[in-house]
Amino acid sequence: MNAITVVMATRNAAAFVAEALQSIAIQRTSPMVDSLRLLVIDAASTDGTQELVNQIGFATLQQQRGQGLWQAWNQGIKQVNTPWIAMLDSDDRWEPSALAAHLEAMAAQPEALVSIGRTRFVLDGSELPRGIRPALLEGSHRGPIPGATLFRREVFKQLGLFDPANSTASDVAWFARLRQEGIAIAEPEALVLTKRIHANNL
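For the structure given in this document, a descriptive report is provided here. (Residues numbered from 1 in each chain as written. Predicted model: local features only at pLDDT ≥ 70, side-chain atom pairs only at ≥ 80, totals over all residues. Heavy atoms only, no water.)

## Some words on the sheet that holds strand β7 (residues 118–123)
Reasoning step 1: With mixed pairing, the four strands of this open sheet are ordered in space as β5-β11-β7-β8. Strands at the two margins of the open sheet, each flanked by one partner only, are β5 (93–94) and β8 (141–142).
Reasoning step 2: Bridge count between β7 and β8: two bridges; the pairing is antiparallel. For R118, the partnering residue across the bridge sits in β8 and is R142. (Pairing = 2+ DSSP bridges. Helix = DSSP H or I, 4+ residues; strand = E, 2+ residues; numbered from the N terminus.)

## Re the packing of aromatic side chains
Each pair of aromatic rings is reported with the distance of its centres and the angle of its planes.
Reasoning step 1: Considering all chains together, one arrives at ten aromatic pairs under this definition.
Reasoning step 2: Between F151 and F156, the ring centres sit 5.1 Å apart and the planes meet at 40 degrees, which makes this aromatic pair tilted.
Reasoning step 3: Taking the centre distance of 6.3 Å and the plane angle of 45 degrees together, the rings of F151 and F175 count as tilted. Note that F151 is positioned in strand β9 (residues 149–152) and F175 in helix α6 (residues 170–180), a separation of 24 residues in sequence.
Reasoning step 4: Exposure remark for F175: the relative accessible area of 5% places this residue in the buried category.
Reasoning step 5: What links up through ring pairs into an aromatic cluster is the set W70, W73, F151, F156, F162, W174 and F175. (Phe/Tyr/Trp six-rings, centres within 6.5 Å; stacked < 30°, edge-to-face > 60°. Buried < 20%, exposed > 50% of the residue type's maximum accessible area, 1.4 Å probe, protein only.)

## Observations regarding the sheet that holds β9
Reasoning step 1: The sheet built from seven strands is open, its strands ordered β3-β2-β1-β4-β9-β6-β10 with mixed pairing. Two strands lie at the open edges of the sheet, namely β3 (59–63) and β10 (185–186), each paired on one side alone.
Reasoning step 2: Pairing geometry for strand β6 (residues 114–116) and β9, over three bridges, is antiparallel. Bridge assignment links S115 to a residue of β9, and that residue is L150.

## Focus on unusual backbone geometry
Backbone phi values are negative for most residues with the exception of glycine, while trans is the configuration of most peptide bonds.
Reasoning step 1: One non-glycine residue, N12, lies in positive phi territory at about 50 degrees.
Reasoning step 2: Looking at the element boundaries, N12 is found in the loop between β1 (3–10) and α1 (14–27).
Reasoning step 3: Phi angles above zero are rare outside glycine, and A44 is one such case at about 60 degrees.
Reasoning step 4: Within the secondary structure, A44 sits in the loop between β2 (35–42) and α2 (49–54).

## Quick look at the pattern of salt bridges
Reasoning step 1: Under the definition given, this model contains eight salt bridges.
Reasoning step 2: For E19, the salt bridge identified is with R196, shortest N-O distance 2.6 Å. Of this pair, E19 sits in helix α1 while R196 sits in strand β11 (residues 191–197), placing them 177 residues apart in sequence.
Reasoning step 3: Residue E19 is classed as partly exposed on the basis of its relative accessible area of 30%.
Reasoning step 4: The partner of D89 in a salt bridge is K195, with the nearest N and O atoms 3.0 Å apart. Placement of the pair is D89 in the loop between β4 (84–87) and β5 and K195 in strand β11, with a sequence separation of 106 residues. (Salt bridge = Lys/Arg side-chain N within 4 Å of Asp/Glu carboxyl O.)

## Overview of α6
Reasoning step 1: Along α6, the residues that are buried comprise S170, D171, W174, F175 and L178. One side of α6 holds all its buried residues, which, seen down the axis, span an arc of 135 degrees. Residues of α6 that are exposed and angled more than 90 degrees away from the buried face: R179 and Q180.
Reasoning step 2: In this structure, the buried side of α6 is in contact with α3 (69–77), β6, β9, α5 (154–159) and β10. (Arc of directions from axis to C-beta. Contact = heavy atoms within 4.5 Å.)

Rendered as structure tokens:
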């Protein structure tokens, strides 16, 4: 059964989150997605983010019990009981067929525990933040980005969760463990994620 839980961490994301939520809702129209639940972990937003989330009928809003992005993701993942887990940052958006592309790739490669699609990066603002290469804005790229990935729930039992002690790159470290363990990865050619680049990216 293709039942999916989407985990989103938010904090004062009202400027972007409506677009992110809409891109999640569209996934429910895919015949490949049997059911879709959204679990939002919010870090005490005060800008209307919580009100926007509460308008989504299939969403559950929880207050974050700790601090930091990685802890919020872990808080959500621990509660998931569906076979599949997806993650989307509140300032990004999925392509309409994102989850379908992942599910098709995983069906063709049933031994895979994750599917990693392609990401398009867009600049939100007039200047690239320090450390971002201009070439990143050209075309699409495949990389270790949670929002571009669909996870089988058991992969977190095998590899563990994200390390909250790693302040800026816990996701990169997690994906490095994934490859070091030789876990099978499906790699659909589809563009699945549009990721904003702005001054407040982690």
